[in-house]
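Below, each chain spelled out in residue letters.
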Amino acid sequence: FRSEIHIMKKQIIWLEDILKIFNFFLILFFLFFSSNKLYAAERWVLDKNLSTIEFELPVLLANNVKGKFNNIEGYVELDVEKKINNKAIFSVQINDLDMNYIKYKDLLLSNIFFDVFQFPKAVVDTKKFSYDNEKEILLNVELTLKGKNETVPLTIYVTRLAEELVQIQSELIFSRTKFNIGINKWQNTKILKDKVKLKTNFFLFRE
C-alpha cells in the first residue's frame, strides 16, 4: 500500500512539473503574440474605385501615348512604434487599361511591348522605409515589370483627408528599354521615347 502511495506521489509531482513547463510555454506564447500585436503595423488598404494610375510616353512629332490602368491593388503598413519598418506594395493588371491610341492597344499588350500573357502584372515594392508623418517622401523603390526588377526613384506626397482616409500622389519615371518594353524596331528611341511617366493618385482607408 505504501509503495502505491509512493508511486502516486511521484505521478503527482511529475504532473505538476509538466503543468509548470506547459504554463511557462503558454506565458512565452502569450508574450510573443502580445508584443507582435503591439508592434503590428497600422494597415491602410487601397480604395480601388477612387484610385488611379496614369501613364505617358512621349512620341516625336505626334501626340504622346497616354493611358490609365483600371485594375489596381495595394496596401501600406506603418510601423507606429519605431517608424522605420514601414512598407507598401502596389500592383496593376496591365491588360485592363484605357489609352488614346486605341488601335495600338493589342500591339502594346503583345510580347513586343508589355507581353501581358507571360507578365500580366506590374508591381511596385517600397521594401522597408522610414516614415514619421512627413508630407513628402523620396524613396528608391523596386519596380517589377516584364520579368525584370529595377530600382527607381519615387517621390510621394501624402495628404491626410480624414482620420481614416489618406491621399497619396506620386510620379515615377522609368526607362522602357531597361524592361524590354518595345523590342526590334520599337527599341529605337528616336520616335518612341525611352522615358515612361507614371502618375498615381491613391486613396487609402485604415483597416
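That block above? That's the structure.
Residues numbered from 1 in each chain as written. Predicted model: local features only at pLDDT ≥ 70, side-chain atom pairs only at ≥ 80, totals over all residues. Heavy atoms only, no water.

Novice: How should the packing of aromatic side chains be read in this particular structure?
Specialist: Each aromatic ring pair is summarised here by two numbers: the centre-to-centre distance and the angle between the ring planes. One pass over the full model with this rule turns up 5 aromatic pairs. Ring geometry for Tyr 101 and Tyr 104: centres 6.1 Å apart, planes at 50 degrees, overall tilted. Of the residues examined, Tyr 101 reaches a relative accessible area of 22% and is grouped as partly exposed. Considering the side-chain rings of Phe 174 and Phe 179, the 5.5 Å spacing of their centres and the 90 degrees angle between planes classify their relative orientation as edge-to-face. (Phe/Tyr/Trp six-rings, centres within 6.5 Å; stacked < 30°, edge-to-face > 60°. Buried < 20%, exposed > 50% of the residue type's maximum accessible area, 1.4 Å probe, protein only.)

Novice: Before we go on, may I ask you to explain the nonpolar core in this structure?
Specialist: Most often, soluble globular proteins have nonpolar side chains that are buried together. Within the largest apolar cluster, 46 residues are counted, with the highest numbers of intra-cluster contacts made by Ile 94, Leu 172 and Phe 174. Setting aside residues no more than four positions away along its own chain, Leu 172 makes contact with Val 124, Val 141, Leu 143, Val 152, Pro 153, Leu 154, Val 196, Lys 197 and Leu 198. (Core = buried A, V, L, I, M, F, W, Y, C linked by side-chain atoms within 4.5 Å. Contact = heavy atoms within 4.5 Å.)

Novice: I keep staring at the pairing of strand 2 (residues 52-57) and nothing clicks. Help me out?
Specialist: Residues in a regular strand project their side chains so that they alternate between the two faces of the sheet. Residues Ile 53, Phe 55 and Leu 57 of strand 2 are buried on one face, while the alternating residues Thr 52, Glu 54 and Glu 56, pointing to the opposite face, are not. Direction of pairing for strand 2 relative to strand 11 (residues 195-206): antiparallel, over a ladder of 5 bridges. Residue pairing across strands places Glu 56 opposite Lys 197, the latter belonging to strand 11. In this structure, strand 2 lies alongside strand 3 (residues 65-69), joined through 5 bridges in antiparallel fashion. (Helix = DSSP H or I, 4+ residues; strand = E, 2+ residues; numbered from the N terminus. Pairing = 2+ DSSP bridges.)

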